[in-house]
Amino acid sequence: MPQAGLLCQSCGGQALLFSILYDILPYCLIKSGGIKLLIHSSSPGKLYRDGACLYVRHWQIKFPCHFNFSVVKFLQHSIGGFYMKKHVQAFSLVLAIVCCLGMASPAIAAERDFDVRDGVLEFYDGAEETVVIPNGVTTIGASAFAGNNTMTSVVIPGGVTTIQGSAFYDCTALKKIVIPDSVTSIGMMAFQGCTALEEVVIGNGITYIPTQAFMDCTSLKKVDISNSVVYIGTFAFGDCTSLTTIKIPDSVVYMSGAFFECSNLEQVTLSPNTSYDNMTFEACVKLPESYKNSEATYEQVGDFKIYRGELVSYTGRDSHVTVPDSVVMIGQRAFQGCTTVKSVDIGKNVVAVDTGAFSGCTNLESVTFHDSVVYIGEAFSALARHTSINHGNTGGV
């Protein structure tokens, strides 16, 4: 029997409390105002959703198709586990449902929509506008939200340390992203194609912005890059056609094609100590020519060919090589096919090593890095298994 005197936790309206056991069928329970419904079960069962209806196997409890499931919360009353996407394995499960009809507040994602395993958010299966990633998540997995076209905002909790590649790829309704200081790594194409994205705040844990991280975010107007960033990768903000101004913090040492085809970019603030390649501002038609490296020339230091801090190629035949201190970036194919090279000291000022930098170095035995390096692409994928990668004087890593 329903008990009176309860208030809805969401809107404060009159609520009803029901105790449901086994085959009792509460069908049309929705009334104006708020309803709070508690279902107490005494034996294990499974909750599952079919279309717009929610069922509890064994008890045959069915809710109306017009029930608003966007504010459903599952609470565990005693020991038990649940699989958040499709099924819930319940042990003395308490299901708390709060429904407020006629409220204009946006839908908020429920925990059942998140597939989380060992701290990794592998997939989000909801369709809500506001998404709050659950506490306990440390990694947002590759393509976890990819293709979502309903999410307008997402809250990333402070416990998250990693956002993997394509995690938010093509989230076409997302308007703002704040990356907390706890995040230390963003994968390639993490936010590419978020065409409604207008503002990005990058926290103090990020040291590099990877390839195509925000490419094709055509509504992006405001970017706040923290002073922890030292490298901005290839096409990181490529084709962000609504971007008109950008401030590059003094901490950034090198940029590689970072703002390619930002056709409305008019103003750039950056330190004279920041180096960048000739693609960084290419096709930025509203920028002065002075940003486009049209007069930059190659520098030859011994056997090293260097372009604005990037090691373009090594043409020597030494077996032991030390990269000059003027180099801050090891470019693609810089050591390609150097079969005489057995060891390389990467240089104390290098911050990034691009993909394929050591391709074809079949006799390379060791590579030594220094603390300055924050990004290494697929530079060593084709090397022999016996090649050792060393970090400073601390040994192999």
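Here, the structure is the one placed above.
Residues numbered from 1 in each chain as written. Predicted model: local features only at pLDDT ≥ 70, side-chain atom pairs only at ≥ 80, totals over all residues. Heavy atoms only, no water.

A few points about the nonpolar core
In step 1: By size, the foremost hydrophobic cluster in this structure holds 56 residues, and its most contacted members are Phe-145, Phe-168, Ile-209, Phe-214, Ile-232, Phe-237 and Phe-259.
In step 2: Taken together, the elements giving at least two residues each to this core come down to β11 (120-124), β16 (176-179) and β18 (199-202).
In step 3: Counting residues in hydrophobic clusters, the runner-up holds 25 residues, among them Leu-311, Phe-335, Cys-361 and Phe-369. (Core = buried A, V, L, I, M, F, W, Y, C linked by side-chain atoms within 4.5 Å. Buried < 20%, exposed > 50% of the residue type's maximum accessible area, 1.4 Å probe, protein only. Helix = DSSP H or I, 4+ residues; strand = E, 2+ residues; numbered from the N terminus.)

Quick notes on the pattern of salt bridges
In step 1: As enumerated under the stated definition, the model contains five salt bridges in all.
In step 2: Residues Glu-122 and Arg-117 are paired through a salt bridge, measuring 3.9 Å at the closest nitrogen-oxygen approach.
In step 3: By relative accessible area, which is 36% here, Glu-122 ends up partly exposed.
In step 4: The residue Lys-348 makes a salt bridge to Asp-325 at a minimum N-O spacing of 3.8 Å. Of this pair, Lys-348 sits in the loop between β31 (343-345) and β32 (352-353) while Asp-325 is found in the loop between β29 (320-322) and β30 (329-330), placing the two residues 23 residues apart along the sequence.
In step 5: A relative accessible area of 52% means that Lys-348 is categorised as exposed.
In step 6: One salt-bridge network, in which partners are shared between bridges, spans Asp-115, Arg-117 and Glu-122. (Salt bridge = Lys/Arg side-chain N within 4 Å of Asp/Glu carboxyl O.)

Concerning the sheet that holds strand β10 (residues 114-117)
In step 1: The strand order across the open sheet formed by five strands is β10-β11-β13-β15-β17, and the pairing between neighbours is mixed. The two strands at the open ends of the sheet, each matched to only one other strand, are β10 and β17 (185-186).
In step 2: Direction of pairing for strand β15 (residues 162-163) relative to β17: parallel, over a ladder of two bridges. Across the sheet, Ile-163 pairs through a bridge with Ile-186, a residue of β17. (Pairing = 2+ DSSP bridges.)

What about the packing of aromatic side chains?
In step 1: Under the definition given, this model contains 17 aromatic pairs.
In step 2: Between the aromatic rings of Phe-191 and Phe-214, the centroid separation amounts to 5.1 Å while the plane-to-plane angle is 0 degrees, which identifies the pairing as stacked. Here Phe-191, found in the loop between β17 and β18, pairs with Phe-214, found in the loop between β19 (208-209) and β20 (222-224); they are 23 residues apart in sequence, far enough to count as distant. One exposure class covers both Phe-191 and Phe-214, and it is buried.
In step 3: Both rings, one in Phe-304 and one in Tyr-314, keep their centres 5.0 Å apart while their planes meet at 40 degrees; by these two values the pair is tilted. Taken as a pair, Phe-304 in strand β27 (residues 304-307) and Tyr-314 in strand β28 (residues 310-314) lie far apart in primary sequence, 10 residues in all. Across the pair, Tyr-314 and Phe-304 agree in class, each one buried.
In step 4: Grouped by ring-pair contacts, the aromatic residues Phe-114, Tyr-124, Phe-145, Phe-168, Phe-191, Phe-214, Phe-237, Phe-259, Tyr-276, Phe-281 and Tyr-291 constitute a single cluster.
In step 5: The lysine or arginine in question, Lys-305, covers the ring of Tyr-298, its NZ or CZ lying 4.6 Å from the ring centre. (Phe/Tyr/Trp six-rings, centres within 6.5 Å; stacked < 30°, edge-to-face > 60°. Lys NZ or Arg CZ within 6 Å of the ring centre and 35° of its normal.)

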